[in-house]
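Chain by chain, the residues run as shown.
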Amino acid sequence: MTRSEELMSRAERLLPGGVNSPVRAYRAVGGQPPFIARARGARLWDADEREYIDYVGSWGPAILGHADPEVVAAVQAAAARGLSFGAPTEQEVTFAEQIRDRYPSIEMLRCVSSGTEATMSALRVARGFTGRDVIVKFDGCYHGHSDALLVAAGSGAATFGSPDSAGVPRSVVANTASLGFNDRDALGALFAEHGANIAAVIVEPVVGNMGCVPPEPGFLEMLRELTRDHGALLIFDEVMTGSRLARGGAQGRFGILPDLTCLGKVVGGGLPLAVYGGRRDVMEQIAPLGPVYQAGTLSGNPVAVAAGTSTLEQLDSGSYATLERLGARLEAGLERAIAHAGVEATVQRVGSMLTLFFHPGPVRSWSDAKGCDRERFGTFHRALLAGGVYWPASQFEAAFISLAHTDADIDRTVDVAQGALASVSPR
Ligand code: KE4
């Protein structure tokens, strides 16, 4: 029995599935999830001292690579000054100024401790500001686990979703509509019928949570135009894309400014720190200035802010050129490996986030993505892991490249993927 197997048998007695977040249990891909003991740069080591090249990056935060020396030093120095005060600190102001400097759409912001909190709070202030109740999301987009956003795809014409989780009352999602991503006809029809009641549209501007699915030309522009015309707010959930796709996130890359933005992952540098912010007239609705309540004991925690500040300070324009180059190298290598293996698969990438879909492609929406061959993905994932490549444990996730990855890492990964694809029965 490996150390990870021993640890999993202990963990399962106390933690549902032995994990603190479902995807970590490997139920979608099978096999024993390695318990990670330590990480540095682009490498992970598990409890059995097995080494991996890491493409999960803690699901996005580790854009510099793990245990970046400057970030670790900043965290150690902050911790030595005290872990949490529940009071304003200079460091939170500096961090807020960093965010404002990167995101022209963010005039005012509030720190919270997770992406879920950020999106939940953004929805609340959008409803408070507009006085409206209807929220629009897109099938296959994930915005954290707050009740109003756990909505299954609207079945056919019934665009108003049904709960996507037990424990969510139907009444709570009665005002949440879910449409097909990139479906401009459905979007136009919904606004034509319900526009006056829509508080906000929330979208991953590049979707990571059905795998990497970019917006088709004109889709984000249409979202911006329709929300503006109908007095609804446009919320970009950039928890994954923010500071990953460009210094100013997807909004910087595409040049479309939302009314509110949610950030997480990279901006916290791996510690519990997330942000929601945007138009000043909207954010001034938040307590103690306005009637929309939101609070948090550890919001803007000084140790987490130290990790976030140090991470953002190290991300400059050169960083994104490097991430683009490494991403293109991995994409090209995987495409060669797919062709060589004669397997029906496609790679979709934006910057340093990418997905290998077991699907002929293109994958434009959830209705495409759910047609992927998940069994083949599971075989592929297990073979990658056996070959020392740590890949997201679901077909519906994005893999992430960090600044610590080298050309040699990418080339080694492509070699392992070539072997992994050979173990997948061709179709
Ligand atoms: P958290 O509450 O997990 O910090 O953030 C929720 C969230 C919000 N918005 C987007 C676009 C996200 O991707 C996430 C969380 N992402 C998942 C993986 N895609 C986190 C991994 C997990 O759930 O364990």
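For the structure, check the block above.
Since we're looking at a predicted model, the values are computed, not measured.

Engineer: Outline the pattern of salt bridges, listing residues and values.
Structural biologist: Inspection of the entire model under this criterion finds 16 salt bridges. Between Arg-38 and Glu-49 there is a salt bridge; the shortest N-O distance is 3.0 Å. One end of the pair, Arg-38, is in strand S1 (residues 36–40); the other, Glu-49, is in the loop between strand S2 (43–46) and strand S3 (51–54), with 11 residues separating them in the sequence. Where Asp-411 meets Arg-329, a salt bridge forms, and the shortest distance between an N and an O atom there is 2.9 Å. You can see Asp-411 sitting in helix H14 (residues 407–422) and its partner Arg-329 sitting in helix H11 (residues 317–341), a full 82 residues away along the chain. What makes Arg-329 partly exposed here is its relative accessible area of 33%. Through salt bridges with shared partners, one network takes in Arg-224, Asp-259, Arg-279 and Asp-281.

Engineer: Can you lay out the layout of surface pockets for me, pointing to particular residues and giving the numbers?
Structural biologist: Taken as a whole, the second largest pocket encloses approximately 540 Å³ of empty space. Taken together, 24 residues line the second largest pocket, and the ones lying closest to its centre are Glu-92, Leu-109, Arg-110, Cys-111 and Gly-300. At the level of elements, helix H3 (90–102) and strand S4 (108–112) are the ones that each hand at least two residues to the lining of the second largest pocket. A per-element tally of the lining of the second largest pocket places H3 first, with five residues. Counted by class, the lining of the second largest pocket contains 11 nonpolar, eight polar and five charged residues.

Engineer: Account for the packing of aromatic side chains, naming residues and giving values.
Structural biologist: Taken as a whole and assessed by the stated rule, the structure comprises nine aromatic pairs. Seen in terms of ring centroids, Phe-138 and Phe-219 are 5.5 Å apart; in terms of plane orientation they differ by 75°. Their pairing is edge-to-face. Here Phe-138, found in strand S5 (residues 134–138), pairs with Phe-219, found in helix H7 (residues 219–230); they are 81 residues apart in sequence, far enough to count as distant. Here the aromatic rings of Phe-358 and Phe-377 are separated by 6.4 Å at their centres, their planes lie at 75°, and the arrangement is edge-to-face. Of the two residues, Phe-358 is situated in the loop between strand S12 (353–357) and helix H12 (366–369) and Phe-377 in helix H13 (residues 374–386); the sequence distance between them amounts to 19 residues. Here the two residues Phe-358 and Phe-377 agree in accessibility, since each one is buried. Counting every residue linked through ring pairs, the aromatic cluster contains Phe-138, Phe-181 and Phe-219.

Engineer: Lay out the site of the ligand with the relevant residues and their values.
Structural biologist: Close to the ligand lie 16 residues, the nearest being Ser-21, Thr-116, Asn-209, Asp-237 and Glu-397. Backbone polar atom of Tyr-142 to a nitrogen atom of the ligand: 3.5 Å apart, as the coordinates give it. Asn-209 is positioned with one of its side-chain polar atoms (N or O) 2.6 Å from a nitrogen atom of the ligand. About the coverage of the ligand: the protein hides 84% of its 530 Å² of free accessible area. Residues of the shell around the ligand, tallied by class, amount to five nonpolar, seven polar and four charged. Three or more residues apiece are contributed to the shell around the ligand by two domains, here domain 1 (3–67 + 316–422) and domain 2 (69–313).

Engineer: Explain the state of the cysteines to me, and be specific about the residues and the numbers.
Structural biologist: On inspection of all chains with the given rule, the structure shows zero disulfides. Cys-141 provides the cysteine sulfur closest to Cys-212, a residue in no disulfide bond, and the two sulfurs are 12 Å apart. Cysteine Cys-372 shares no disulfide, and the gap to the nearest cysteine sulfur, in Cys-212, comes to 13 Å.

Engineer: Summarise the side chain of Ser-146; cite the residues concerned and give the values.
Structural biologist: Position of Ser-146 relative to the elements: it lies in the loop between S5 and helix H5 (170–173). The exposure class of Ser-146 is buried, given its relative accessible area of 10%.

Engineer: Tell me about the sheet that holds S3, and please be specific about residues and values.
Structural biologist: Spatial ordering of the open sheet is given by S1-S2-S3-S13, a layout of four strands whose pairing is mixed. The two strands at the open ends of the sheet, each matched to only one other strand, are S1 and strand S13 (389–390). Two strands pair when backbone bridges link them, and S2 and S3 are joined in this way by three bridges, in the antiparallel orientation. Each residue of the ladder has a partner; that of Arg-43, found in S3, is Ile-53.

Engineer: Residues and numbers for H13, please.
Structural biologist: Along its 13 residues, H13 runs 18 Å from first to last C-alpha, staying within 8% of the 18 Å computed at 1.5 Å per residue. Considered for burial, the residues of H13 that qualify are Arg-376, Phe-377, Gly-378, Phe-380, His-381, Leu-384 and Leu-385. As for H13, its buried residues are in contact with S3, S12, S13 and H14. Backbone nitrogen of Glu-375 and a side-chain oxygen of the N-cap are separated by 3.1 Å at the start of H13; the cap is Asp-373. Phi turns positive one or two residues past the end of H13, at Gly-388, with a value near 85°.

Engineer: Summarise the packing of H3 against helix H10 (residues 302–313); cite the residues concerned and give the values.
Structural biologist: Two elements in contact, H3 and H10, have axes whose closest approach is 10 Å; the angle formed by their N-to-C orientations is 35°. For the pair H3 and H10, the crossing hand works out as left-handed. Note on element contacts: H10 touches H3 through Val-305, Gly-308, Thr-309, Leu-312 and Glu-313, opposite Gln-91, Glu-92, Phe-95, Gln-98, Ile-99 and Arg-102. When the residues that make up the contact of H3 with H10 are grouped by side-chain class, the tally is four nonpolar, four polar and three charged.

Conventions adopted
Residues numbered from 1 in each chain as written. Predicted model: local features only at pLDDT ≥ 70, side-chain atom pairs only at ≥ 80, totals over all residues. Heavy atoms only, no water. Salt bridge = Lys/Arg side-chain N within 4 Å of Asp/Glu carboxyl O. Helix = DSSP H or I, 4+ residues; strand = E, 2+ residues; numbered from the N terminus. Buried < 20%, exposed > 50% of the residue type's maximum accessible area, 1.4 Å probe, protein only. 1 Å grid on protein atoms, 1.4 Å probe; cavity = no way out; pocket = protein on both sides within 12 Å on 5 of 7 lines; lining within 4 Å. Points joined across faces, edges and corners; volume = space filled by probe spheres on them. Nonpolar A, V, L, I, M, F, W, Y, C, P; charged D, E, K, R; others polar. Phe/Tyr/Trp six-rings, centres within 6.5 Å; stacked < 30°, edge-to-face > 60°. Near = heavy atom within 4 Å. Polar contact = N/O pair within 3.5 Å; in protein donor to acceptor, adjacent residues only side chain to side chain. Areas by Shrake-Rupley, 256 points an atom, 1.4 Å probe, with all protein chains shown as cover. Domains from an automatic or database assignment. Disulfide = S-S within 2.5 Å. Pairing = 2+ DSSP bridges. Expected span 1.5 Å × (residues − 1). Contact = heavy atoms within 4.5 Å. Axes fitted to C-alpha atoms, helices over the stretch in contact; angles between N-to-C directions. Left-handed = near helix turned anticlockwise from the far one by under 90°.

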